[in-house]
2 protein chains.
Amino acid sequence: MATIEDVAREAGVSISTVSYALSGKRSITEDTRRRVLEVAQRLGYAPKAAARALAARRSSIIAVTTPLHADTDQTAHMAFAMAVTRAARDHDYDTLLLVHDDALEGMRRSAATSLADGIVVLDVAARDPRADLARELACPVVFIGLPADPEGLICVDLDFEAATRQALDVLRAAGHRTVGLLAQPEDVLARESNYPMRIERAFHRHADELGLSAVVVRPEPAAPARAIETLLDDHPDVSVITVGMTPDPGRPPLPYDAFPLDPGLTCPVAVDLLVRMVDGAVAPAGVTLVPPVQVTRGSVVPVSRRAEVQ
Amino acid sequence: MATIEDVAREAGVSISTVSYALSGKRSITEDTRRRVLEVAQRLGYAPKAAARALAARRSSIIAVTTPLHADTDQTAHMAFAMAVTRAARDHDYDTLLLVHDDALEGMRRSAATSLADGIVVLDVAARDPRADLARELACPVVFIGLPADPEGLICVDLDFEAATRQALDVLRAAGHRTVGLLAQPEDVLARESNYPMRIERAFHRHADELGLSAVVVRPEPAAPARAIETLLDDHPDVSVITVGMTPDPGRPPLPYDAFPLDPGLTCPVAVDLLVRMVDGAVAPAGVTLVPPVQVTRGSVVPVSRRAEVQ
DNA sequence: CTGTTAGCGCTTTCAC
DNA sequence: GTGAAAGCGCTAACAG
């Protein structure tokens, strides 16, 4: 394991020159810079993470908490964790995985030991204990998702309201006059982050604004399919848009138009924010809503052309 | 952020005493030990990870590579990553997540910079480039899964052969004389780690040994259900056992008897092995097969009682 | 049982 | 543009 000293000696310069040549934090004669780089390369030199972290007072590591509620979509979690990891790498950060069992302990520990420079919280629940912890931790924390009370927190989430409104706009533009919402079951409403409620509210309000007649169908946890059947019984020819579903990177997407909850959209924003705070920027406590992006797959059919589609 | 020096001063001892009092690496008078602990507690002291890592030449971090093949079960990956994380915590290690995009680069980097003390490789493919890299890396690596050529590698996997044999034993004991194997599609066989082949081989061999007549049905990638129908057409009353399926922690298990590929079984073994190597134990290059554990859910019905079950 | 001290390998002033 | 040197905060000999 070559050290910076080996490189310095071999290149005939001081260690600070090596450090600067590699970090680019001060100007170096092009000639010596190349020489240093060449030697470093030849010796297979790479700065030790621990030494660098100790001296720079920064670990370049972001911790990620991913609780695993028994009923929550695991695949989505993985997608988010990976998206965060990817975004973090773009800023030269690595990500540490914290397990649910002791999310709180994990957050405390990584803050207290300076293991991580910041924390990203995933799968945020409405009443999430990590929210309170975050408020008292002297360590930057960003939530991906919105707890019931985001006061004093930094949160990033999809703009579900906008997505819902735009979905209605699309349906309306296609000539529909009745819109249905396949809502979340009661039990999910209670536990989950508040986005289902945000969707429902936006749905009703905007349907009103557009003069659409609005129908909400709420599945029973026991027989989820029943709700859909009910909807289809009344309206056999229906256009469909999904709002806030996370695409499964492993499977072909459902054939519906969508305003997806795309990890690739929210996670980079969250990581950007976090990195900026680590770099000492003032904490812009508040909620960042990421604008939705529509995905079209042909499940919205203009009313006028419905006959042809059959 | 209190340092070890603050604690030492406040407790009226030397810093080494503080260090040892906290690590327990040498005996300390019960009295001073308590005093040190009390002060540490009061000051909210926690050893900085970077300083500790630099001095101890050990980061207490394990890196985890989790490629995300488009077609592989994401949920399972998450379960494995979490199981590794949990097992690592039991040894006071944290886990770093490496992304697929540059699994190789990530492994190289965490080894070269001593970011991680060891690496766990998940979702091992038959011909996995990470296998070659592992052989040349001066860093302990453990594979969870078996590549085609495990030469010189340390691998942990479920004993699929044993699971298959035991499944046949169970069926045989229930009075069955014909056994069917719902095999993997060709395309999976080619890419995936070699466990499907191990299952098939063990299936044929042991069926022979037991004098059972063996039928293999291989689904077409395009129409997977067809294979099952074929099987059921010939044998409408069938007992079922699954081998090597990873239970989805988020959903109720399929109602079949099973010899599951349980992350909770393999991951702790792999982490134990890895930690031992980090601690300097000689690398026991080789394959560790974890014995399968049967889960009974009533899908195996004794032939003699079949009529009643209807 | 406890204290002293020499590093661990970098980053970053501070001088030149 | 470059070098010398002072830490960063801890662990682990080594010496009592």
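Our subject is the structure that appears above.
Here the structure is a predicted model, which is why all the values come from computation and not from measurement.

Peer 1: Hey, could you run me through the overall build of chain A in this one?
Peer 2: Along chain A, the regular secondary structure elements total 13 helices and 10 strands. The C-alpha atoms of chain A give 25 Å as radius of gyration, which overshoots the globular expectation for 310 residues (19 Å, by more than 25%). Expressed as lengths along the three principal axes of its C-alpha atoms, the size of chain A is roughly 80 × 45 × 30 Å. Within the structure as shown, chain A displays about 15100 Å² of accessible surface, and the carbon and sulfur contribution to it stands at 52%. Each charge class in chain A was averaged separately, 32 positive and 42 negative side chains, and the resulting centres sit 7 Å apart.

Peer 1: Which parts of the structure should I look at to understand the protein's contact with DNA strand D?
Peer 2: As a structural note, the neighbourhood of DNA strand D is formed by 29 residues, with Thr17(A), Ser27(A), Thr29(A), Ile4(B) and Tyr45(B) the closest of them. Within the side chain of Ser16(A), one N or O atom sits 3.1 Å away from a base nitrogen of DNA strand D. In the model, a base nitrogen of DNA strand D is placed 3.5 Å from a nitrogen or oxygen of the Ala51(B) main chain. Within the residue set of the surface near DNA strand D, elements represented by two or more residues are helix 2 (15-23) and helix 4 (49-56) of chain A together with helix 2 (15-23) and helix 4 (49-56) of chain B. Of the residues in the surface near DNA strand D, the class split is 13 nonpolar, 10 polar and 6 charged.

Peer 1: Got a minute to help me understand the interface of chain B and chain A in this structure?
Peer 2: You'll often see interface size given as the accessible area lost when the parts meet. Taken together, the contacts link 43 residues of chain B with 43 residues of chain A. Both faces considered, chain B and chain A share a buried interface measuring about 3700 Å² in area, 64% of it formed by carbon and sulfur atoms. Our count for the chain B to chain A interface comes out at 2 salt bridges. Note that Arg109(A) is salt-bridged to Asp94(B), the shortest N-O span being 2.6 Å. Where chain B packs against chain A, one counts 6 residue pairs in polar contact (both at pLDDT 80 or more). Listing elements by their share of the side of chain B that touches chain A, those giving two or more residues are helix 4, helix 5 (74-89), strand 2 (94-98) and helix 6 (103-112) of chain B. Per element, the largest residue contribution to the side of chain B that touches chain A is 9 residues, and it comes from helix 5 of chain B. Residue composition of the side of chain B that touches chain A, by class: 22 nonpolar, 10 polar and 11 charged.

Peer 1: It is not clear to me how the sheet that holds strand 4 (residues 141-144) of chain B should be interpreted in this structure. Could you clarify?
Peer 2: What links the strands of a sheet is backbone hydrogen bonding, and the strands pair in either a parallel or an antiparallel sense. The 12 strands lie next to each other as 10(A)-5(A)-4(A)-3(A)-1(A)-2(A)-2(B)-1(B)-3(B)-4(B)-5(B)-10(B), forming an open sheet whose pairing is mixed. Strand pairing shows two members of the sheet lacking a second neighbour, strand 10 (286-290) of chain A together with strand 10 (286-290) of chain B, which therefore form its edges. Across the sheet, the mean angle separating the axes of adjacent strands is 25 degrees when strand polarity is ignored.

Peer 1: Looking at this model, I keep getting lost on the packing of aromatic side chains. Mind explaining?
Peer 2: Geometrically, a pair of aromatic rings is defined through the distance of the ring centres and the angle of the planes. All names here are of chain A. Tallying each qualifying case throughout the model produces 2 aromatic pairs over all chains. Between Phe160 and Tyr195 the ring centres are 4.7 Å apart and the planes differ by 20 degrees, which places this aromatic pair in the stacked class. Residue Phe160 is located in helix 8 (residues 160-173), and its partner Tyr195 is located in helix 10 (residues 195-210); the two are separated by 35 residues in the primary sequence. As far as the burial class goes, Phe160 and Tyr195 line up, both buried.

Peer 1: Where do I start with the packing of helix 5 (residues 74-90) of chain A against helix 5 of chain B in this structure?
Peer 2: Between two packed helices, the angle of one axis relative to the other and the distance separating the axes together describe the packing. Relative to each other, helix 5 of chain A and helix 5 of chain B sit at 70 degrees, their axes nearing to 8 Å. In terms of their interaxial angle, helix 5 of chain A and helix 5 of chain B are classed as roughly perpendicular. The crossing of helix 5 of chain A and helix 5 of chain B is left-handed. For the pair formed by helix 5 of chain A and helix 5 of chain B, the contact residues are Gln74(A), Thr75(A), His77(A) and Met78(A) on the first element and Gln74(B), Thr75(B), His77(B) and Met78(B) on the second.

Peer 1: Just to check I follow, could you spell out the side chain of His176(A) for this structure?
Peer 2: All names here are of chain A. Note that His176 resides in the loop between helix 8 and strand 6 (178-182). Residue His176 is classed as buried on the basis of its relative accessible area of 8%. In this structure the side chain of His176 is engaged in a polar contact, spanning 2.8 Å, whose partner is the side chain of Ser239.

Peer 1: Would you take a moment to explain the pattern of salt bridges for this structure?
Peer 2: Pairing between side chains of opposite charge can happen when their charged atoms approach one another. Residue and element names in this part refer to chain A. Per the counting criterion, the structure on display carries 30 salt bridges over all chains. Among the ionic pairs, Asp6 bridges to Arg9, the shortest N-O distance being 3.5 Å. Taken together, the residues Asp6 and Arg9, both in helix 1 (residues 4-11) and 3 residues apart, mark about one turn of the helix. Relative accessible area serves as the criterion here: at 24%, Asp6 is assigned to the partly exposed category.

Peer 1: What exactly am I supposed to notice about the side chain of Thr95(A) here?
Peer 2: Mapped onto the elements of the fold, Thr95(A) is located in strand 2 (residues 94-98). By relative accessible area, Thr95(A) is classed as buried at 1%. Only 2.8 Å separates the side chain of Thr95(A) from the side chain of Thr85(A), close enough to count as a polar contact. Setting aside residues up to four positions removed in sequence, Thr95(A) forms contacts with Ile62(A), Val64(A), Val84(A), Thr85(A), Ala88(A), Thr95(B), Leu96(B) and Leu97(B).

Peer 1: Can you walk me through a nonpolar patch on the surface in this structure?
Peer 2: A contiguous nonpolar surface patch, about 310 Å² in accessible area, is contributed by Leu182(A), Ile228(A), Leu232(A) and Val238(A). By relative accessible area, which is 39% here, Ile228(A) ends up partly exposed.

Peer 1: Which parts of the structure should I look at to understand helix 8 of chain A?
Peer 2: For an α-helix, the turn length of 3.6 residues means that residues three or four places apart are oriented alike. Residue and element names in this part refer to chain A. Over its 14 residues, helix 8 runs 20 Å from end to end, which matches the ideal 20 Å to within 8%, given 1.5 Å per residue. Among the residues of helix 8, Phe160, Ala162, Ala163, Thr164, Ala167, Leu168 and Leu171 are the ones counted as buried. Residues of helix 8 that are buried make contact with strand 5 (154-158), strand 6, helix 10, strand 8 (241-243) and strand 9 (257-259). One or two steps after helix 8, the chain reaches Gly175, where phi turns positive at roughly 100 degrees.

Peer 1: Looking at this structure, I do not really get the environment of Leu212(A). What am I missing?
Peer 2: Residues and elements named next belong to chain A. Position of Leu212 among the secondary structure elements: in the loop between helix 10 and strand 7 (213-217). For the pair Leu212 and Arg177, spaced 35 residues apart in sequence, the C-alpha to C-alpha distance is 5.1 Å. With sequence-adjacent residues up to four places away left out, Leu212 is seen in contact with Leu168, Arg172, His176, Arg177, Val179 and Ala207.

Peer 1: Is there a simple way to explain unusual backbone geometry in this structure?
Peer 2: In terms of backbone geometry, most residues other than glycine have negative phi values and most peptide bonds are trans. All names here are of chain A. The phi angle at Ser60 is positive, at roughly 60 degrees, despite the residue not being glycine. Its place among the elements puts Ser60 in the loop between helix 4 and strand 1 (61-65). Positive phi is not limited to glycine here, since Asp92 has a value of about 65 degrees. Mapped onto the elements, Asp92 comes out in the loop between helix 5 and strand 2.

Peer 1: I'm lost on empty space enclosed by the protein in this one. Help?
Peer 2: Where empty space is left in the structure can be found by rolling a water-sized probe over the atoms. Going through the model one piece at a time under the given rule, you end up with 3 cavities of 30 Å³ or more. Here the largest cavity is characterised by a volume of approximately 150 Å³. Along the walls of the largest cavity sit 14 residues, with Ala50(A), Ile61(A), Ala50(B), Ala53(B) and Ile61(B) positioned nearest its centre. Of all the secondary structure elements, the ones that give two or more residues to the lining of the largest cavity are helix 4 of chain A together with helix 4 of chain B. Within the lining of the largest cavity, the residues separate by chemical class into 10 nonpolar, 4 polar and no charged.

Scoring rules and cut-offs
- Residues numbered from 1 in each chain as written.
- Chains lettered and ligands numbered in written order.
- Predicted model: local features only at pLDDT ≥ 70, side-chain atom pairs only at ≥ 80, totals over all residues.
- Heavy atoms only, no water.
- Helix = DSSP H or I, 4+ residues; strand = E, 2+ residues; numbered from the N terminus.
- Rg over C-alpha atoms; globule rule 2.2 N^0.38 Å.
- Areas by Shrake-Rupley, 256 points an atom, 1.4 Å probe, with all protein chains shown as cover.
- Lys, Arg positive; Asp, Glu negative; His and termini not counted.
- Charge placed at Lys NZ, Arg CZ, Asp CG, Glu CD.
- Near = heavy atom within 4 Å.
- Polar contact = N/O pair within 3.5 Å; in protein donor to acceptor, adjacent residues only side chain to side chain.
- Nonpolar A, V, L, I, M, F, W, Y, C, P; charged D, E, K, R; others polar.
- Contact = heavy atoms within 4.5 Å.
- Buried area = accessible area lost by both parts, 1.4 Å probe.
- Salt bridge = Lys/Arg side-chain N within 4 Å of Asp/Glu carboxyl O.
- Pairing = 2+ DSSP bridges.
- Axes fitted to C-alpha atoms, helices over the stretch in contact; angles between N-to-C directions.
- Phe/Tyr/Trp six-rings, centres within 6.5 Å; stacked < 30°, edge-to-face > 60°.
- Buried < 20%, exposed > 50% of the residue type's maximum accessible area, 1.4 Å probe, protein only.
- Parallel < 35°, antiparallel > 145°, perpendicular 65-115°, else oblique.
- Left-handed = near helix turned anticlockwise from the far one by under 90°.
- Patch = residues over 30% accessible without salt bridge, like charges linked within 9 Å, V, L, I, M, F, W, Y side chains within 5 Å.
- Expected span 1.5 Å × (residues − 1).
- 1 Å grid on protein atoms, 1.4 Å probe; cavity = no way out; pocket = protein on both sides within 12 Å on 5 of 7 lines; lining within 4 Å.
- Points joined across faces, edges and corners; volume = space filled by probe spheres on them.

Purely geometric stuff here, so don't read any function into it on its own.
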